[in-house]
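# What the coordinates show
Residue-level listing of the chains:
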Amino acid sequence: MTKEQLAAAINHTIQNVETRILTIGAEQYDNKTKQKIESKSITEILDEALAELDDCLAYTAYTRIRVARLRARLSEHEPAIEVAST
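Source: prediction; values computed, not measured.

### Overview of the overall build of the protein
Each helix and strand in the protein was counted, giving 3 helices and 0 strands. In sequence order, the protein lays out its α and β elements as α-α-α. Here the C-alpha coordinates of the protein stretch approximately 60 × 30 × 20 Å along the principal axes. Burial statistics for the protein: of 86 residues in total, 1% are counted as buried. Put simply, the protein shows about 8000 Å² of open surface, and 60% of that area lies on carbon and sulfur atoms. The averaged location of the 14 negative side-chain charges in the protein is 4 Å from the averaged location of its 11 positive side-chain charges.

Quick look at the structure:
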């Protein structure tokens, strides 16, 4: 992957975030002139941030499990490829 391809992939991700903000995010968080988060107390924001971090950890763990399973399946079909142990 070239640096240009990497930059394009990152830009694609940013575009996905923008689309989410303007669609489902607008439905859930938009209050016309401001976002709902702007009216929340710092405690509410911190509580939600902690919950989001918990979700990130759960998704990360699950994604790791899926990647490990995929790697195991691929190594069964392509034994010439070296697979590093975890």
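Right, picking up where we left off after that structure.
### A word on the pattern of salt bridges
With the rule as written, the count across this model stands at 2 salt bridges. Across the pair lysine 3 and glutamate 4 runs a salt bridge whose closest N-O atoms are separated by 3.6 Å. Of the two residues, lysine 3 and glutamate 4, neither departs from the other in class, the shared state being exposed.

### With respect to the layout of surface pockets
Which parts of space are left empty comes out when a probe the size of a water molecule is rolled across the atoms. Approximately 250 Å³ is the volume found for the largest pocket. Around the largest pocket, the lining residues are Val17, Arg20, Ile21, Ile24, Gly25, Ala26, Gln28, Tyr29, Asp30, Gln35 and Ile37. Every element with two or more residues in the lining of the largest pocket is listed here: α1 (3-22) and α2 (24-29). Taken together, the residues of the lining of the largest pocket break down into 6 nonpolar, 3 polar and 2 charged.

### A word on a nonpolar patch on the surface
A cluster of nonpolar side chains, Met1, Leu6, Ile10 and Ile14, forms an exposed patch at the surface whose accessible area comes to about 440 Å². If you trace the backbone, isoleucine 10 turns up in helix α1. Isoleucine 10 sits in the partly exposed class, given a relative accessible area of 45%.

### With respect to the environment of glutamine 5
Within the secondary structure, glutamine 5 sits in helix α1. The class of glutamine 5 is partly exposed, set by a relative accessible area of 45%. From its side chain, glutamine 5 meets the backbone nitrogen of threonine 2 in a polar contact 2.7 Å long.

### Brief notes about unusual backbone geometry
Residue lysine 32 is not a glycine yet carries a positive backbone phi of 70°. Structurally, lysine 32 is set in the loop between α2 and α3 (42-77).

Quick notes on the rules
All chains use their own residue numbering, which begins from 1 and follows the written sequence. Totals for whole chains, interfaces and linings use every residue, but because this is a predicted model, local features are given only for residues with pLDDT of at least 70 and side-chain atom pairs only at 80 or more, for both listing and counting. With hydrogens and water set aside, each side-chain value is computed from the structure's full complement of heavy atoms. Working definition: helices are DSSP H or I runs of at least four residues, strands are E runs of at least two. Numbering for both runs from the N terminus. Think of it in three bands: with a 1.4 Å probe and only protein chains considered, a residue is buried below 20% of the maximum accessible area for its type, exposed above 50%, and partly exposed in between. A 1.4 Å probe and the Shrake-Rupley method give the accessible areas. Residues count as covered only by the protein chains that appear here. For the charge count, each Lys or Arg is scored as positive and each Asp or Glu as negative, with His and the chain ends excluded. Think of each charge as sitting on NZ of Lys, CZ of Arg, CG of Asp or CD of Glu. The salt bridge definition used is simple: a Lys or Arg side-chain nitrogen within 4 Å of an Asp or Glu carboxyl oxygen. Each cavity reported here is a set of points on a 1 Å grid over the protein atoms alone in which a 1.4 Å probe fits but cannot get out, each pocket an open set with protein on both sides within 12 Å along at least five of seven lines, and each lining residue one with an atom within 4 Å of a point. Grid points are joined across faces, edges and corners, and a volume is the space filled by probe spheres set on the points. Here the term charged refers only to Asp, Glu, Lys and Arg, the term nonpolar to Ala, Val, Leu, Ile, Met, Phe, Trp, Tyr, Cys and Pro, and the term polar to all other amino acids, Gly among them. Residues forming no salt bridge and having over 30% relative accessible area are the ones grouped into patches, like charges within 9 Å of each other and nonpolar side chains (Val, Leu, Ile, Met, Phe, Trp, Tyr) within 5 Å. Contacts described as polar in this section are N or O atom pairs within 3.5 Å, which, within protein, must combine one atom able to donate a hydrogen with one able to accept it, while residues neighboring in sequence count only if both atoms come from side chains.

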